[in-house]
Amino acid sequence: VTLALMPVQALLLAVAPRLAGRFGAFYWRLVARLIGTRVRIEGEPPAQGALIAANHSSWLDIIVLGSLTPASLV
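Thresholds, definitions, all that
Residues numbered from 1 in each chain as written. Predicted model: local features only at pLDDT ≥ 70, side-chain atom pairs only at ≥ 80, totals over all residues. Heavy atoms only, no water. Axes fitted to C-alpha atoms, helices over the stretch in contact; angles between N-to-C directions. Helix = DSSP H or I, 4+ residues; strand = E, 2+ residues; numbered from the N terminus. Parallel < 35°, antiparallel > 145°, perpendicular 65-115°, else oblique. Left-handed = near helix turned anticlockwise from the far one by under 90°. Contact = heavy atoms within 4.5 Å. Nonpolar A, V, L, I, M, F, W, Y, C, P; charged D, E, K, R; others polar.

A. Spatial organisation of the packing of helix H1 (residues 2-15) against helix H2 (residues 17-34). Across the interface, H1 lies against H2 with an axial gap of 7 Å and an inter-helix angle of 160°. Of the possible angle classes, the one that applies to H1 and H2 is roughly antiparallel. Our pair here, H1 against H2, has a crossing hand that is left-handed. Of H2, the residues touching H1 (which contributes Thr 2, Leu 5, Val 8, Gln 9, Leu 12, Leu 13 and Val 15) are Pro 17, Leu 19, Ala 20, Phe 23, Gly 24, Tyr 27 and Leu 30. Classifying every residue of the contact of H1 with H2 by side-chain character gives 11 nonpolar, 3 polar and no charged.

Coordinates in, geometry out; function isn't part of it.
Right under this line is the structure:
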């Protein structure tokens, strides 16, 4: 799935950066579904432009955070 969607993400980054963020969230939701992860949201998501820092207590941090927000993950 990742290899198939990499060209799509590259194209969106070049042509429509805002859509690239939304596509990234779609990708991570797809990955979460493929590995059988269910995400439950408690509380309000951070405002746009927020910095989210994860302590990486598990290998699911990137998948979960990426599926919830159109963020750039480093």
